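# Structural features, examined
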Amino acid sequence: MKLDSLNWNILKCLQENSRQSNTAIAKKVGISSPAVAERIRKMEDGGVINGYYAKLSYKETGHQLKAIITLRAFMGRLKPFLEKVKSFEEVVNCFRITGNENIVLEVVLRNQQHLEQFIDQLITYGETKTQIVLSDVIENNPIKRPI
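In what follows, the accompanying structure is described. Sequence order as written defines residue numbering, which begins from 1 separately in each chain. Given that this is a predicted model, residues contribute local features only at a pLDDT of at least 70 and side-chain atom pairs are listed and counted only at 80 or more, while totals for whole chains, interfaces and linings are drawn from all residues. Heavy atoms throughout the structure, all of them, feed into the side-chain values; hydrogens and water do not.

### Let's talk about the packing of aromatic side chains
For Phe, Tyr and Trp, rings pair up if their centres lie within 6.5 Å, where Trp contributes its six-membered ring, and each pair is then called stacked (planes under 30 degrees apart), edge-to-face (over 60) or tilted (otherwise). Inspection of the entire model under this criterion finds 2 aromatic pairs. With a centroid separation of 5.5 Å and 65° between ring planes, the pair formed by Phe-81 and Tyr-125 is classed as edge-to-face. Of the two residues, Phe-81 sits in helix α4 (residues 78-84) while Tyr-125 sits in the loop between α5 (112-122) and β4 (126-132), which places them 44 residues apart along the sequence. Relative accessible area decides the class of each residue, using a 1.4 Å probe on protein chains only: under 20% of the type maximum gives buried, over 50% gives exposed, and in between gives partly exposed. Owing to a relative accessible area of 11%, Tyr-125 belongs among the buried residues under this scheme. Both rings, one in Phe-88 and one in Phe-118, keep their centres 5.2 Å apart while their planes meet at 80°; by these two values the pair is edge-to-face. Taken together, the residues span a long stretch of sequence, with Phe-88 in the loop between α4 and β2 (91-96) and Phe-118 in helix α5 at a distance of 30 residues. By definition, any uninterrupted DSSP run of H or I lasting at least four residues is a helix, any uninterrupted run of E lasting at least two residues is a strand, and each is numbered from the N terminus.

Right, dumping it as structure tokens:
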């Protein structure tokens, strides 16, 4: 789907706050509310917009730790891991990557004991490296129009 400057302006608004009304977006981008609704529908149908979600604070939901864990899968263990990872409630994001490691996980955990138990589940699939997140410097930065 080809995105023009109006579509990009709408996307910018939605990435800032996806709950704002089409009327509010229309005022910002300079077209009518029905035109905004139609463009959003087309971008949803075209796969540009894949969904909407609530951004939660892991600390306020009872999780003390956020961590980034990389996994270097043992021979023959990557495919079983790719199925198993879908069942881990701790996993917020999971990426299959190139390089020495195969997987990057972003996880939220109740405490250090929970982290230890989670790593114990992972080590049957491969070698792990864990980094504790101290703070979010950039989070959910909007995707901008390519130049």
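### Details of the side chain of Glu-101
Tracing the backbone shows Glu-101 in the loop between β2 and β3 (103-109). Here a polar contact is recorded for every N or O atom pair within 3.5 Å, except that within protein the pair must consist of a potential hydrogen donor and a potential acceptor, and residues adjacent in sequence are included only if both atoms are side-chain atoms. At 3.4 Å, the side chain of Glu-101 forms a polar contact with the side chain of Lys-129. Each residue touching Glu-101, except ones within four places of it in the same chain, is listed here: Thr-70, Leu-71, Arg-72 and Lys-129. Whether two residues are in contact is decided by their heavy atoms, any of which lying within 4.5 Å being enough.

### Examining the packing of helix α1 (residues 5-16) against helix α3 (residues 33-45)
Lines are fitted to the C-alpha atoms to define the axes, a helix being fitted only along its stretch in contact, and any angle between axes, read from their N-to-C directions, falls within 0 to 180 degrees. Packing of α1 against α3 brings their axes to within 11 Å, and their N-to-C directions diverge by 85°. Compared by their axis directions, α1 and α3 come out roughly perpendicular. Here α1 contributes Leu-6, Asn-7, Ile-10, Leu-11 and Leu-14 to the contact with α3, which in turn contributes Val-36, Arg-39, Ile-40 and Met-43. Split into classes, the residues belonging to the contact of α1 with α3 amount to 7 nonpolar, 1 polar and 1 charged. To sort the angles, those under 35 degrees are grouped as roughly parallel, those over 145 as roughly antiparallel, those from 65 to 115 as roughly perpendicular, and the leftovers as oblique. In this classification, Asp, Glu, Lys and Arg are treated as charged, Ala, Val, Leu, Ile, Met, Phe, Trp, Tyr, Cys and Pro as nonpolar, and every other residue, Gly included, as polar.

### Thoughts on α1
Take the residue count of a helix, subtract one, and multiply by 1.5 Å to get its expected span. Look at α1: 17 Å from first C-alpha to last across 12 residues, which is about the 16 Å you get at 1.5 Å a residue. Burial in α1 covers these residues: Asn-7, Trp-8, Ile-10, Leu-11, Cys-13 and Leu-14. Structurally, α1 contributes buried residues whose contacts are with α2 (22-29) and α3. Looking at where α1 begins, the residue whose side-chain oxygen comes 3.1 Å from the main-chain nitrogen of Leu-6 is Asp-4.

### Looking at the nonpolar core
Only buried residues count toward a nonpolar core, which is a set of Ala, Val, Leu, Ile, Met, Phe, Trp, Tyr and Cys residues joined through side-chain atoms within 4.5 Å. With 19 residues, the main nonpolar core has Ile-69, Phe-81, Leu-105, Val-107 and Phe-118 as its most contacted residues. Put simply, the parts of the chain that give this core at least two residues each are β1 (65-73), α4, β3 and α5. Per element, the largest residue contribution to this core is 5 residues, and it comes from β1. Dropping the residues within four chain positions of it, Val-107 is found in contact with Leu-65, Lys-66, Ala-67, Ile-69, Glu-90, Val-91, Val-92 and Phe-118. Trp-8, Val-36, Met-43 and Ile-49 belong to the second largest nonpolar core, which has 13 residues in total.

### Looking at the sheet that holds β1
Two strands are counted as paired when DSSP detects at least two bridges linking them. Strand order in the open sheet made by the 4 strands is β2-β3-β1-β4, with antiparallel pairing throughout. Looking at which strands have only one partner, the edges of the open sheet turn out to be β2 and β4. Looking at each pair of strands side by side, their axes are set apart by 20° on average, direction ignored. In this structure, β1 lies alongside β4, joined through 7 bridges in antiparallel fashion. Following the sheet pairing, Leu-71 is matched in β4 by Thr-128.

### Structural notes on the pattern of salt bridges
We define a salt bridge as a side-chain nitrogen of Lys or Arg found within 4 Å of a carboxyl oxygen belonging to Asp or Glu. Per the stated rule, a full pass over the model turns up 11 salt bridges. With a closest N to O distance of 3.0 Å, Asp-4 and Arg-39 form a salt bridge. Separated by 35 residues along the polypeptide, Asp-4 in the segment before α1 and Arg-39 in helix α3 bring together distant segments of the chain. The partly exposed category is assigned to Asp-4, whose relative accessible area is 33%. Relative accessible area serves as the criterion here: at 22%, Arg-39 is assigned to the partly exposed category. Taken together, the salt bridges that share partners define one network made up of Lys-55, Lys-66, Glu-106, Asp-136 and Glu-139.

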